[in-house]
Amino acid sequence: MKRLVYLDNAATTPLHPRVLEAMMPYLTDAYGNPSATYGLGRAAGDALQKARRTVAGIIGCRPTEVVFTGGGTESINTAIKGVAFQQRKARAGNHIVTSTIEHHAVLHSCQYLERFGFDVAYVPVDGDGLVDPAEVAAAVTDRTLLVSIMTANNEVGTIEPIVEIAAAVRSRATALGRRIPFHTDGVQAPNSISLRFADRGIDLMSLAAHKFRGPKGVGVLYVRRGVPFLAQQNGGGQERQRRAGTENVAGIVGAAEALKLTQENLEADRQRIAALAYELRSAILQTMLGTALNGHPEQRLANNVSISFEGADAQDLVRDLDARGIACSAGAACAGANVEPSHVLLALGVSLERAASTLRFSLGHDTTDADIAALMEVLPAAVERSRAGKLVGASR
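This section reports on the structure supplied with the text. Values in this document were obtained by computation on a predicted structure and should not be read as measured data.

A word on the packing of aromatic side chains
In total, this model carries three aromatic pairs according to the counting rule given. Geometrically, the ring pair formed by F85 and F116 is edge-to-face, given 6.0 Å between the ring centres and 85° between the ring planes. Here F85, found in helix α3 (residues 72-89), pairs with F116, found in the loop between α4 (104-114) and β4 (119-123); they are 31 residues apart in sequence, far enough to count as distant. Measuring from centroid to centroid gives 5.6 Å for F85 and F118, while their planes differ by 85°, and the two rings are edge-to-face. Residue F85 is found in helix α3, and its partner F118 is found in the loop between α4 and β4; the two are separated by 33 residues along the sequence. Every member of this aromatic cluster is reached through a ring pair, and the members are F85, Y112, F116 and F118. Its guanidinium or amino end placed over the ring of Y112, K81 lies 4.2 Å from that ring's centre, counting from NZ or CZ.

Considerations on α4
By the burial criterion, the buried members of α4 are A105, V106, L107, S109, C110 and L113. On the buried face of α4, the contacting elements are α3, β3 (95-99), β4, β5 (144-148), β6 (182-185) and α11 (343-347).

Quick look at the packing of helix α2 (residues 39-59) against helix α8 (residues 249-264)
The N-to-C vectors of α2 and α8 enclose an angle of 30°; their axes lie 9 Å apart at closest approach. Comparing their axes, α8 and α2 come out roughly parallel. Along this stretch, α2 crosses α8, giving a crossing that reads as left-handed. When α2 is examined against α8, the residues A44, A47, L48, A51, T54, V55 and I58 are found in contact with a partner set consisting of V249, I252, V253, A256, L259, K260 and Q263.

Things to note about the nonpolar core
Soluble globular proteins: nonpolar side chains tend toward being buried together. The biggest cluster of nonpolar side chains holds 59 residues, and the ones touching the most others in it are V136, V147 and F182. The element best represented in this core is α8, accounting for seven residues. Among residues more than four places away in sequence, those in contact with F182 are V147, I149, I162, I165, A166, V169, G201, I202, D203 and L204. C328, F361, L375 and M376 belong to the second-largest nonpolar core, a separate cluster that totals 29 residues.

Section: the sheet that holds strand β10 (residues 304-309)
Taken in spatial order, the three strands line up as β9-β10-β12 in an open sheet, and their pairing is antiparallel. Two strands close off the open sheet at either side, each with one partner strand: β9 (291-293) and β12 (358-362). Along the sheet, successive strands turn relative to each other by an average axial angle of 25°, direction set aside. By the bridge criterion, five bridges tie β10 to β12 in an arrangement that is antiparallel. Counterpart to S306 in the pairing with β12 is R360. Helix α10 (residues 314-323) contacts β10 and β12 of the sheet and is inclined by roughly 45° relative to β12.

Structural notes on a nonpolar patch on the surface
Side chains of L15, L20, M24 and L27 sit close together on the surface and give an oily, nonpolar patch of about 330 Å² of accessible area. With respect to the helices, strands and loops of the structure, L20 is situated in helix α1 (residues 17-27).

Some details on helix α9 (residues 266-287)
Across its 22 residues, α9 extends 31 Å between first and last C-alpha, which sits within 8% of the 32 Å expected from 1.5 Å per residue. Within the sequence span of α9, burial applies to L266, D269, I273, L276, A277, L280, R281, S282 and I284.

So, the side chain of H365
In this structure, H365 sits in the loop between β12 and α13 (369-395). Separated by 3.5 Å, the side chains of H365 and R213 make a polar contact. Residue contacts for H365: discarding those within four places in its chain leaves N191, R213, D269, R272 and I273.

Here we look at the packing of α3 against α4
Relative to each other, α3 and α4 sit at 30°, their axes nearing to 9 Å. Considering only the axes of α3 and α4, their crossing is right-handed. Contacts between α3 and α4 involve T73, I76, N77, I80, K81, A84 and F85 from the first element and A105, V106, S109, Y112 and L113 from the second. Here the contact of α3 with α4 is built from residues that sort into eight nonpolar, three polar and one charged.

Quick word on the pattern of salt bridges
Tallied over the entire structure, the rule returns 14 salt bridges. Among the ionic pairs, E257 bridges to R18, the shortest N-O distance being 3.6 Å. A residue pair is termed long-range when its members are at least 10 positions apart, and E257 in helix α8 and R18 in helix α1 qualify at 239 residues. Accessibility expressed as a relative area gives 43% for R18, which makes it partly exposed. Salt-bridge contacts for D119 lead to R143; the nearest nitrogen and oxygen are separated by 3.2 Å. On the criterion of sequence distance, the pair formed by D119 in strand β4 and R143 in the loop between α5 (133-139) and β5 is long-range, its members being 24 residues apart. Among the charged side chains, a network of salt bridges with common partners joins R18, E257 and K260.

Concerning empty space enclosed by the protein
Counted under the stated rule, the structure contains four cavities of 30 Å³ or more. By volume, the largest cavity is sized at about 70 Å³. Taken together, N9, T13, P14, N191, R213, I273, N303, L363, G364, H365 and D366 make up the lining of the largest cavity. For the lining of the largest cavity, a count of residues per class yields three nonpolar, six polar and two charged.

Considerations on the environment of Q86
Position of Q86 among the secondary structure elements: in helix α3. For the pair Q86 and H183, spaced 97 residues apart in sequence, the C-alpha to C-alpha distance is 15 Å. With residues near it in sequence (within four places) discarded, Q86 still touches P228, F229 and L230.

Reading the values: rules and limits
Residues numbered from 1 in each chain as written. Predicted model: local features only at pLDDT ≥ 70, side-chain atom pairs only at ≥ 80, totals over all residues. Heavy atoms only, no water. Phe/Tyr/Trp six-rings, centres within 6.5 Å; stacked < 30°, edge-to-face > 60°. Helix = DSSP H or I, 4+ residues; strand = E, 2+ residues; numbered from the N terminus. Lys NZ or Arg CZ within 6 Å of the ring centre and 35° of its normal. Buried < 20%, exposed > 50% of the residue type's maximum accessible area, 1.4 Å probe, protein only. Contact = heavy atoms within 4.5 Å. Axes fitted to C-alpha atoms, helices over the stretch in contact; angles between N-to-C directions. Parallel < 35°, antiparallel > 145°, perpendicular 65-115°, else oblique. Left-handed = near helix turned anticlockwise from the far one by under 90°. Core = buried A, V, L, I, M, F, W, Y, C linked by side-chain atoms within 4.5 Å. Pairing = 2+ DSSP bridges. Patch = residues over 30% accessible without salt bridge, like charges linked within 9 Å, V, L, I, M, F, W, Y side chains within 5 Å. Areas by Shrake-Rupley, 256 points an atom, 1.4 Å probe, with all protein chains shown as cover. Salt bridge = Lys/Arg side-chain N within 4 Å of Asp/Glu carboxyl O. Expected span 1.5 Å × (residues − 1). Polar contact = N/O pair within 3.5 Å; in protein donor to acceptor, adjacent residues only side chain to side chain. Nonpolar A, V, L, I, M, F, W, Y, C, P; charged D, E, K, R; others polar. 1 Å grid on protein atoms, 1.4 Å probe; cavity = no way out; pocket = protein on both sides within 12 Å on 5 of 7 lines; lining within 4 Å. Points joined across faces, edges and corners; volume = space filled by probe spheres on them.

What follows is the structure in structure tokens.
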């Protein structure tokens, strides 16, 4: 079997062995429903609450402020729609502020709400993908009921000044005599940033376990106590009436273990991965003509290398590299079947041609120097083949 060089950790990450070990009892003998009151159910319920306490300790919030969901997309939808509908019900306004580079889970949630009479302001970014706190605050009006800005971008890796943005929104809200909840999509953050956000002005935060070596199908939503919120999934009374449905105990236990492992070893892992990412980006930019880095050069996720290859086609490159055992992305995996140029890159002001020539390499905890070397052995020739193919096609 061909050796796989996996460089798409922004799309998903491999399950950590200790996470699988922690999950196994709840996939086998300890299968009880956590809402049941007999012994088997109580054991599952105890595991669920232990996981909740673990996550709360990392975020710096109360365990009762942690809601477990079915994934990052659900957490984002639940946060945005849950606050928006409850705020409008209380006649607190109908206006939302977000940015132009958000993940589609945020953008499509906002577009959905526009169909129900909500107004949305989309704050632009600069050429590095940075959101200006002053511009966010300026977009807030006396009708604003929610602000949602991502912690870090999933495509170009730029880390936003999220604490400063939250502070600017809070200051503007105070001037208006309002309380405006602040949500952040933190899905890409855990491998690069400390998540102790609860005491730093963040009211809601969404996470996805499979982005930090946890299982797929498990999300985390932090909701500060007192934030107006209307449940978006109805049924039983699980998650303190905020998200109905029997909890995925094994997945939740795995998510908590994965988040603990990731955040406990954050600094050492971040430094090692960032060094490899810098090695890769330097090798490409210094040895290959017609290449350019996307995103902020320094204020970026440790593992993200987003590069445009002038004159090449990113989809061709992904297929070519895949045939040689290299897994990478032409953008967000969620839009992988969509050949339209990245809305993130276009929001940065790059041309359509450059957007269509961009690859995202996202390194992980298992990435090695040998992986970087293996990529650099085949990447230059792959780019030249793509460029030549486009020239041939243009001449026909």
